[in-house]
Amino acid sequence: MFPLIDLFAGPGGLNEGFSSVTAGEGEYAFENLASFEMDAYACETLRLRETFRHLTRTGADTSGYFDYILGRKPWSEIFQGAFAEAYSLSKDKVYRKVLGEDARPDVDNIIRQKLAQQEEGSHWALIGGPPCQAYSLAGRSRRTGDATFASDHKHFLYREYLHILSEFKPTIFVMENVKGLLSSKNGDDSMFQTILADLSALPSGVRYEIRSLVVDKSPSDLAPSDFIIRAEEYGVPQKRHRVILLGVRSDVASLMPRRTLQRADGVVTVREAVADLPAVTAATSNRAPKAQIDWAAAELAALEDVAKLEPAQAVVSMQQGQRAARAYSSWIRDSNVHKPAQHQPRPHMVSDLVRYRVMTALAERLGKSPKYTDLPSALHPEHSNVTKAGTPFTDRFRVQVWDAPSTTIVSHISKDGHYYIHPEKEQARSFTVREAARLQTFPDNYFFEGPRTQQFHQVGNAVPPLLAKQIGDIVAAMLSGVKG
Ligand SMILES: C[S@@+](CC[C@H](N)C(=O)[O-])C[C@H]1O[C@@H](n2cnc3c(N)ncnc32)[C@H](O)[C@@H]1O
């Protein structure tokens, strides 16, 4: 098995994909040696997943794991035998660390010890995504004119990743970031070009050839946009566009021919991802005040207007992929999980539920999400300045449509969910954690620790595991080439 080290691991999307790559009958291609992450809940999620992985890989009894994630037994009852043993082993795989200059000696030590236990000269991979808020377009627009932006330390966390590259020289690395990285600037300098320049001048002198996973061009011909991966083109039911760099150590690059991801036969849709989950409706988080009566009246009027609209004709502009849908379905499902966990809707304000209901009715007729500004003005929040020109987030409410991939699931989903309204009128609520996890291609047996907002946060941060699996296939094939 090829060793893996995972930096800024989040809830483990990349690791999950890589860890699912097989190398022949019953053999796995990778073994994660260590994940580093600062968030306590994400670390708990990682530990639980490492426990499950260990139980599965060793053929041990996994019933305790399922009893826990499906809420059939409390932790105190399942924490015994093989489960407890596997859980205690997972401690040596998940390290809660705030990566940065202060933590370097400690982190270096851990990695050094892990690699020392491997065969001399083992080929291995570094994976991970330095955090992205500082580069994300939303984050930047909120901070326009903020003089401290250029000195935000998050801009430079990629240096921790580069430090590990320089110090430990993995054979291959995979580095993920948001698309905003391509247009992000530090003063006059492009952040993306700065990172590439730093990568080409690592202090130890180790060199990497930087490759695209989507276009087969020699490194010198690659444009920044060649590093953008559109997840919906690879069987993920979500439009998620990310920059992913594949680095191959120059001394062995010639032994590893270039490979690119295979596009799926079409898209996987929201319907294929979430329609089979049990229908659930949201509780209300406030008692309806008198003003709600006006809301209800407005809803009725709006629904009558909606009923007059012609039903949408051709709403599907993207080709649906039958093979992709089948591959998605077998990736997600687990025969041990009949009723997936973490599928409880969060409570909503009555006013939001009314708004959602009208919007889903409109979406059903239009075949696309109505714009927030299409709503009758009675349904605009009182504080809204939605009709004023130049207001950001004018479309902060969005109904996801059935027959297309969803929009990007971002960690902001943890805040209110207005952008992720379930397409079915009778449900008219924001997506549950499980629905978001399905759109992110986390299998139904994946469990996110922590309170609900933290679960959403983790899901929104991750690399879709099904995409990571396809990247892992490529990395495994390349490493096998250099090993042989
Ligand atoms: C984009 S997410 C990574 C997602 C992950 N690669 C996956 O596939 O699921 C970035 C993660 O970096 C973590 N993070 C941010 N700053 C950090 C730091 N200084 N040290 C360690 N982790 C950090 C965040 O908590 C977040 O979970």
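Quick look at the structure, then.

Rules of the game
Residues numbered from 1 in each chain as written. Predicted model: local features only at pLDDT ≥ 70, side-chain atom pairs only at ≥ 80, totals over all residues. Heavy atoms only, no water. Helix = DSSP H or I, 4+ residues; strand = E, 2+ residues; numbered from the N terminus. Buried < 20%, exposed > 50% of the residue type's maximum accessible area, 1.4 Å probe, protein only. Contact = heavy atoms within 4.5 Å. Axes fitted to C-alpha atoms, helices over the stretch in contact; angles between N-to-C directions. Parallel < 35°, antiparallel > 145°, perpendicular 65-115°, else oblique. Left-handed = near helix turned anticlockwise from the far one by under 90°. Nonpolar A, V, L, I, M, F, W, Y, C, P; charged D, E, K, R; others polar. Near = heavy atom within 4 Å. Polar contact = N/O pair within 3.5 Å; in protein donor to acceptor, adjacent residues only side chain to side chain. Pairing = 2+ DSSP bridges. Core = buried A, V, L, I, M, F, W, Y, C linked by side-chain atoms within 4.5 Å. Phe/Tyr/Trp six-rings, centres within 6.5 Å; stacked < 30°, edge-to-face > 60°. Lys NZ or Arg CZ within 6 Å of the ring centre and 35° of its normal.

Further remarks concern the overall build of the protein chain. On a plain count of helices and strands, the protein chain comes out with 16 helices and 10 strands. Split into buried and exposed, the 484 residues of the protein chain put 53% on the buried side. If you take every contact in the protein chain between residues at least 6 apart in sequence, the share linking residues at least 24 apart comes to 77%.

With that settled, consider the packing of helix 6 (residues 104-116) against helix 8 (residues 158-168). In the contact formed by helix 6 and helix 8, the axes pass within 11 Å of each other and the chain directions differ by 40 degrees. With respect to helix 8, the element helix 6 is oriented oblique. With respect to the hand of their crossing, helix 6 and helix 8 are arranged in right-handed fashion. Contacts from Arg104, Val107, Asp108, Ile111, Arg112 and Leu115 in helix 6 reach Arg159, Glu160, His163, Ile164, Glu167 and Phe168 in helix 8. Looking at the contact of helix 6 with helix 8 residue by residue, the class counts come to 5 nonpolar, 1 polar and 6 charged.

The subject of this paragraph is unusual backbone geometry. Backbone geometry places Gln342, a non-glycine residue, at a positive phi of 60 degrees. One non-glycine residue, Ala428, lies in the positive phi region at around 25 degrees. If you trace the backbone, Ala428 turns up in the loop between helix 13 (350-366) and helix 14 (433-439). Note on Ala428: relative accessible area 6%, which makes it buried.

The subject of this paragraph is the site of the ligand. Looking at the ligand, there are 19 residues lining it, with Phe8, Gly13, Leu14, Glu37 and Leu99 nearest. Residue Leu14 places a main-chain N or O atom 2.9 Å away from an oxygen atom belonging to the ligand. In the environment of the ligand, a nitrogen atom lies 3.5 Å from a nitrogen or oxygen atom belonging to the backbone of Lys97.

The next point concerns the pairing of strand 4 (residues 125-128). The side-chain alternation of strand 4 yields two buried faces, one formed by Ala125 and Ile127 and the other by Leu126 and Gly128. Inspection of the sheet shows strand 4 paired to strand 5 (residues 172-178) by 4 bridges, in the parallel sense. Looking at the pairing, Gly128 lines up with Met175 of strand 5.

Time to look at the nonpolar core. Of all hydrophobic cores here, the largest spans 39 residues; its most connected members are Ile5, Leu7, Phe36, Leu126, Leu165, Phe173 and Leu245. Mapped onto this core, the elements with two or more residues apiece are strand 1 (2-7), strand 2 (30-37), helix 6, helix 8, strand 5, helix 9 (191-199), strand 8 (208-211) and strand 10 (241-249). If you tally residues by element for this core, the top one is helix 8, at 6 residues. If we skip the residues at most four places from it in the chain, Ile5 touches Asn32, Leu33, Ala34, Phe36, Ile111, Trp124, Ala125, Leu126 and Ile127. Grouped together as the second largest cluster of nonpolar side chains are 34 residues, Leu246, Ile474, Val475 and Val482 included.

Using the criterion set out here, one finds 21 aromatic pairs in the structure. Their ring planes at 85 degrees and their centres at 5.4 Å tell us that Tyr65 and Phe66 sit as a pair that is edge-to-face. With respect to burial, Tyr65 and Phe66 carry one shared label: buried. Seen from their ring centres, Tyr161 and Phe173 are 5.9 Å apart, and the 70 degrees between their planes marks the pair as edge-to-face. Placement of Tyr161 in helix 8 and of Phe173 in strand 5 is noted, with a sequence separation of 12 residues between them. This pair shows no difference in class: Tyr161 is buried, exactly as Phe173 is. Within the aromatic cluster, the residues linked to one another by ring pairs are Tyr68, Trp75, Phe79, Phe83, Tyr87 and Phe447. Sitting over the face of the ring of Tyr87, Arg47 holds its NZ or CZ atom 4.1 Å from the ring centroid.

With that settled, the discussion passes to the environment of Gln322. Here Gln322 shows up in helix 12 (residues 322-332). As a C-alpha pair, Gln322 and Asp265 span 57 residues in sequence and 7.2 Å in three-dimensional space.

Listing the buried residues of helix 15 (residues 452-461) in full gives Gln455, Phe456, Gln458, Val459 and Gly460. As for helix 15, its buried residues are in contact with helix 2 (40-57) and helix 14.

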